[in-house]
Amino acid sequence: MDGLQLIKNTIAPVRETIIQHPLYSHMRRMEDIRLFMQYHVFAVWDFMSLLKSLQRHLTCTELPWVPVGSAATRFLINEIVTGEESDVDPSGNRVSHFELYLQAMDQVGADTTDIRNCTLKGVSLSTIFDSAPPAASEFIQYTFSLIKNAPVHVQAAVFTFGREDLIPDMFLALVNDLDKQFPGQISLFKYYLERHIEVDGDHHSHLGMQMVQELCGDNPVKWKEAAEASRVALEKRNALWNGILEEIKSVEII
C-alpha cells in the first residue's frame with residue numbers, strides 16, 4: 001500500500017469523528033466562540049512550535065551555516081514557515097497566524113491573559129502546561145513530547161495529517177452565520193478560518209505530504225510510525241474538542 005494512503009486509512013475513523021463532532025452545533029453564541037478560542041489558541045501556538053522544530057531538524061539554524069539534508073525538504077519546510085510566520089491580515093499587513101488569532105480573540109472579547117503570559121520570553125514549558133486549561137494542557141503536552149522525543153518523519157506526519165486540514169467547512173459556515181448575527185464582531189476569526197482552509201488546508205497540506213514522502217521514503221517502518229503517531233495526534237484533538245464541549249455545556253446549564 002502507498003505510504004500516504006496507509007496514513008489516510010489509519011486516521012480515517014478518528015478524523016471522521018472530529019469532522020462530525022457535536023462541538024460545532026453547540027457553538028451558537030459569542031460566549032461560545034470566546035470560550036472555544038481561549039482553548040484553541042494553545043493549539044494554534046503549539047502548532048507553531050512543532051513547525052519550528054521541523055525547521056530546526058531539516059535546515060541549518062546554527063552558525064556557521066552548513067547544508068543539512070536535501071534541498072527538497074529544506075524548500076518544503078521553509079515555504080511552510082514563510083506562510084505561517086508571515087501571512088497577511090485583511091489589510092495586507094504581514095502577520096503570523098498565531099498573532100492573527102490573538103487579534104481575532106481581542107476583537108470578540110476573548111480573554112488572552114493566559115496565552116499572552118505563556119508566550120512571554122523565558123516562560124518554562126511546565127508553567128505553560130500548568131496555566132493552560134486542562135484539556136488544552138493535555139493536548140500541548142503531547143505535542144511537546146513529540147518535539148522532544150519523536151524522529152523527524154513522525155513530527156512531519158503529525159504536522160501534516162494531525163494539524164493542517166482539520167477545521168471543516170461546516171465550522172466556517174457556522175462562523176459565517178455568527179458573523180451575520182454579530183456584524184463586524186467576528187470578522188477576524190472568519191478571516192483566520194478562511195486563510196486556514198485556503199493556505200494550510202490546500203497549499204501547505206500538499207507541501208507537507210511531499211515532506212513526509214521525502215522523509216519516509218521506501219521505509220515501511222517509518223510509514224507505520226508516521227501513521228500511528230498521526231492517529232494518536234487526532235485522538236488528542238478529539239479529546240481537546242471534548243473538553244471544550246463539556247465547558248460550553250456547563251455554561252449553557254448556568
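Scroll up to find the structure this text is about.
Residues numbered from 1 in each chain as written. Predicted model: local features only at pLDDT ≥ 70, side-chain atom pairs only at ≥ 80, totals over all residues. Heavy atoms only, no water.

Comments concerning the packing of aromatic side chains
In step 1: What the rule picks out here adds up to seven aromatic pairs.
In step 2: Consider the rings of F36 and F189, whose centres lie 6.4 Å apart with planes at 45°: the pair is tilted. With F36 in helix α3 (residues 30-58) and F189 in helix α11 (residues 187-216), this pair connects stretches of sequence that are 153 residues apart. Summarising the burial analysis for this pair, F36 and F189 share the class buried.
In step 3: Here the aromatic residues F36, Y101, F189, Y192 and W241 are joined through ring pairs into a cluster of three or more. (Phe/Tyr/Trp six-rings, centres within 6.5 Å; stacked < 30°, edge-to-face > 60°. Helix = DSSP H or I, 4+ residues; strand = E, 2+ residues; numbered from the N terminus. Buried < 20%, exposed > 50% of the residue type's maximum accessible area, 1.4 Å probe, protein only.)

Description of the nonpolar core
In step 1: Core analysis: the largest hydrophobic core is formed by 87 residues, its most contacted members being F36, F189 and M211.
In step 2: For this core, the element with the most residues is α3, which contributes 17 residues.
In step 3: Discounting chain neighbours no more than four positions away, the residues touching M211 are L54, L58, L76, I77, I80, A156, F159 and T160. (Core = buried A, V, L, I, M, F, W, Y, C linked by side-chain atoms within 4.5 Å. Contact = heavy atoms within 4.5 Å.)

Notes on the environment of H204
In step 1: Within the secondary structure layout, H204 lies in helix α11.
In step 2: Residue classification places H204 among the buried positions, given a relative accessible area of 2%.
In step 3: Spatially, the C-alpha atoms of H204 and I77 are 9.4 Å apart, while their sequence positions differ by 127 residues.

With respect to empty space enclosed by the protein
In step 1: Under the criterion given, the structure shown has two cavities of 30 Å³ or more.
In step 2: As for the second largest cavity, its lining consists of F139, Y142, T143, L146, V158, G162, R163, A233 and K236.
In step 3: Elements supplying a minimum of two residues to the lining of the second largest cavity: α8 (134-149) and α12 (220-253).
In step 4: The residue inventory of the lining of the second largest cavity, partitioned by class, reads five nonpolar, two polar and two charged. (1 Å grid on protein atoms, 1.4 Å probe; cavity = no way out; pocket = protein on both sides within 12 Å on 5 of 7 lines; lining within 4 Å. Points joined across faces, edges and corners; volume = space filled by probe spheres on them. Nonpolar A, V, L, I, M, F, W, Y, C, P; charged D, E, K, R; others polar.)

Some words on the pattern of salt bridges
In step 1: Under the counting rule described, the total for this entry stands at eight salt bridges.
In step 2: Between K52 and E85 there is a salt bridge, with the nearest N and O atoms lying 3.4 Å from each other. Linking K52 in helix α3 with E85 in helix α4 (residues 71-85), this pair joins segments that are 33 residues apart in sequence.
In step 3: Taking relative accessible area as the criterion, K52 reaches 28% and is therefore assigned partly exposed.
In step 4: A residue is classified by how much of its surface remains accessible, and E85, at 35% relative accessible area, is partly exposed.
In step 5: Bridged by salt links that share partners, the residues E228, R231 and E235 form one connected network. (Salt bridge = Lys/Arg side-chain N within 4 Å of Asp/Glu carboxyl O.)

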